[in-house]
Amino acid sequence: MSTILYGNEFAQQIRKELESVINERVNKGYRRPQLAILCVGNDVGSHSYILSTQKSCAKVGIEVVIHSFDEEITQEELKEKMIQLNQDDTVDAIMMQMPLPRQLSAQQIVDVMDPNKDVDGLHSLNVAKLYTKQDGMIPCTPEAIVRMLKHQKIELTGKEVVVVGRSQSVGRPVAQLLLNENATVTICHSKTKNLAEVTSRADIVVIAIGKAKTITKEYIKEGAVVIDVGVNVDEHGKLCGDVDFDDVEAKTSCITPVPKGLGPVTTAMLMENVVKSYKGRV
Ligand code: NAP
């Protein structure tokens, strides 16, 4: 029988720990941690993500300040704002909400950020630190995946892991983190031939492609662990993952549902990164 890996309870445990770290400092007279979110344009998905991040942060005592900009903002203007936030001692962490309009280069803007305030771990220095196994800011979703697997006491050493998706924010960093945990890791993408043949070899499959219900039981080995990163809307307007949950569940030993699987733990990791920076600053 498959275990469904709901993230809420684990996330709640992490939130409690963060809340007590914050309260301890606030009771000593220090300020609360602050996350600055930069948002360009009017993307509906971005706005709802920011509001839910703000709500979650408020529950543990993290202040969120949203800096909204017009779609027409230039690269230089956005960089200037980033420099101001770097220099502001009351700001512990910065998040550059993606996607950005086409005239802006996301990596160039992120690279202006103070790497110690880089809550999403996307600054080139933090990317390099991950690949050289140094302590830095780790992207939230990849960290959530590894922490969830460990929390569930799923052995990683020597396990065959297939990651489907090679994005900078999910696929590549999670593959690196799992490699650091001594798993044998294969990364697949849209040009991979015979994807089902590759994924059905895996003990653990991580799917981050952003395509609703693409992974069906033919892609999964009997008893495999399936981590579904995808957040999509299905034909009935309901949230769903990249995995066809109803088709795949019975074949797995563990599977994350969408919603309520990885999402809450990812948010907890974001807050953990804010508090990591805060602890180094107050
Ligand atoms: P992305 O930047 O669009 O990358 C998608 C990746 O999937 C690319 O590497 C692409 O290959 C690959 N791909 C697309 N279709 C494929 C197919 N049919 N077969 C094999 N590979 C395929 O997406 P992302 O930012 O990584 O996000 C992926 C999903 O995770 C989205 O649904 C997003 O909303 C969700 N997400 C969830 C969380 C969370 O906390 N749960 C956090 C972040 C993202 P190429 O490189 O060849 O184009």
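For the structure, check the block above.
Residues numbered from 1 in each chain as written. Predicted model: local features only at pLDDT ≥ 70, side-chain atom pairs only at ≥ 80, totals over all residues. Heavy atoms only, no water.

Colleague: Can you walk me through the sheet that holds strand β3 (residues 63-69) in this structure?
Modeller: In sheet architecture, strand pairing relies on hydrogen bonds along the backbone and comes in two forms, parallel and antiparallel. The strand order across the open sheet built from 3 strands is β3-β2-β4, with neighbouring strands paired in parallel fashion. The open sheet terminates on both sides in strands that have one partner only, identified here as β3 and β4 (93-96). Shown here is a sheet whose adjacent strand axes are inclined to one another by a mean of 20°, direction ignored. Inspection of the sheet shows strand β2 (residues 34-40) paired to β3 by 7 bridges, in the parallel sense. By the bridge assignment for β3, L38 is matched with H67. The sheet contacts of helix α3 (residues 75-87) involve β2, β3 and β4, and relative to β2 the element is tilted by about 175°. (Pairing = 2+ DSSP bridges. Helix = DSSP H or I, 4+ residues; strand = E, 2+ residues; numbered from the N terminus. Axes fitted to C-alpha atoms, helices over the stretch in contact; angles between N-to-C directions. Contact = heavy atoms within 4.5 Å.)

Colleague: When you look at the site of the ligand in this model, what are you seeing that I'm missing?
Modeller: As a structural note, the neighbourhood of the ligand is formed by 19 residues, with T141, R166, S167, S190 and K211 the closest of them. Here an oxygen atom of the ligand sits 2.7 Å away from a polar atom, N or O, in the side chain of R166. Residue T266 places a side-chain N or O atom 3.1 Å away from an oxygen atom belonging to the ligand. A total of 920 Å² of accessible area belongs to the ligand in isolation, and the protein chains cover 67% of it. Its residues placed into classes, the shell around the ligand shows 7 nonpolar, 10 polar and 2 charged. (Near = heavy atom within 4 Å. Polar contact = N/O pair within 3.5 Å; in protein donor to acceptor, adjacent residues only side chain to side chain. Areas by Shrake-Rupley, 256 points an atom, 1.4 Å probe, with all protein chains shown as cover. Nonpolar A, V, L, I, M, F, W, Y, C, P; charged D, E, K, R; others polar.)

Colleague: Even after reading the chapter, I still don't get a nonpolar patch on the surface, so can you show me in this structure?
Modeller: A contiguous nonpolar patch, built from V231, V233 and L239 and spanning about 290 Å² of accessible area, is present on the exposed surface. Examined against the element boundaries, L239 turns out to sit in strand β10 (residues 239-240). (Patch = residues over 30% accessible without salt bridge, like charges linked within 9 Å, V, L, I, M, F, W, Y side chains within 5 Å. Salt bridge = Lys/Arg side-chain N within 4 Å of Asp/Glu carboxyl O.)

Colleague: Whenever I open this one, the pattern of salt bridges confuses me. Can you help?
Modeller: Two side chains that carry opposite charge are able to pair once their charged atoms sit near each other. If you walk through the whole model with that rule in mind, you get 12 salt bridges. The shortest N-O distance in the salt bridge between K28 and E24 comes to 3.9 Å. Judged by relative accessible area, which is 61%, K28 ranks as exposed. The class of E24 is partly exposed, set by a relative accessible area of 46%. One salt bridge connects K217 with D247, and the closest N-O pair in it is separated by 3.4 Å. (Buried < 20%, exposed > 50% of the residue type's maximum accessible area, 1.4 Å probe, protein only.)

Colleague: What exactly am I supposed to notice about the packing of helix α1 (residues 8-27) against helix α10 (residues 262-279) here?
Modeller: Two numbers describe a pair of packed helices, the interaxial angle and the distance between the axes. Here α1 crosses α10 at 20°, and the two axes come no closer than 9 Å. The angle between the axes of α1 and α10 places the two elements in the roughly parallel class. Considering how the two elements wind past one another, α1 and α10 form a crossing that is left-handed. Between α1 and α10, the contacting residues are N8, F10, A11, I14, R15, L18, V21, I22, R25 and V26 on the first element and P264, V265, A268, M269, M271, E272, V275, Y278 and K279 on the second. The residue inventory of the contact of α1 with α10, partitioned by class, reads 14 nonpolar, 1 polar and 4 charged. (Parallel < 35°, antiparallel > 145°, perpendicular 65-115°, else oblique. Left-handed = near helix turned anticlockwise from the far one by under 90°.)

Colleague: Mind showing me how you'd approach helix α7 (residues 171-180) here?
Modeller: One turn of the α-helix equals 3.6 residues, which is why residues spaced by three or four share an orientation. By the criterion of burial, α7 is predominantly enclosed, with 7 of the 10 residues buried. Among all positions of α7, only G171, P173, V174, A175, Q176, L177 and L178 are buried. Residues of α7 that are buried sit in contact with α5 (124-131), α6 (140-151), β5 (160-164), β6 (184-188) and β7 (204-207). Of the residues one or two after α7, N182 is the one with positive phi, at around 70°.

Colleague: Would you mind showing me how to read the nonpolar core here?
Modeller: Side chains of nonpolar character tend, in soluble globular proteins, to be buried together. Counting residues in each nonpolar core, the largest one holds 50 residues, and the members touching the most others are L35, I62, L178, V206 and I227. Ranked by residues supplied to this core, first place goes to α10 with 8 residues. Not counting the four nearest positions on each side in its chain, L178 is found in contact with V146, L149, L156, V161, V163, A183, V185 and V206. Among the nonpolar cores identified, the runner-up in size contains 17 residues, and L38, I73, L78 and L100 belong to it. (Core = buried A, V, L, I, M, F, W, Y, C linked by side-chain atoms within 4.5 Å.)

Colleague: How do you make sense of the sheet that holds strand β11 (residues 252-255) when you look at a structure like this?
Modeller: Across the sheet, which stays open at both edges, the 6 strands sit in the order β1-β11-β8-β7-β5-β6 with parallel pairing between neighbours. The sheet terminates laterally at β1 (3-4) and β6, the two strands that pair on one side only. As judged from the 4 bridges shared by β7 and strand β8 (residues 224-228), these two strands associate in the parallel manner. Counterpart to I207 in the pairing with β8 is D228. Its contacts with the sheet put α7 on β5, β6 and β7, and the angle it makes with β5 is roughly 170°.

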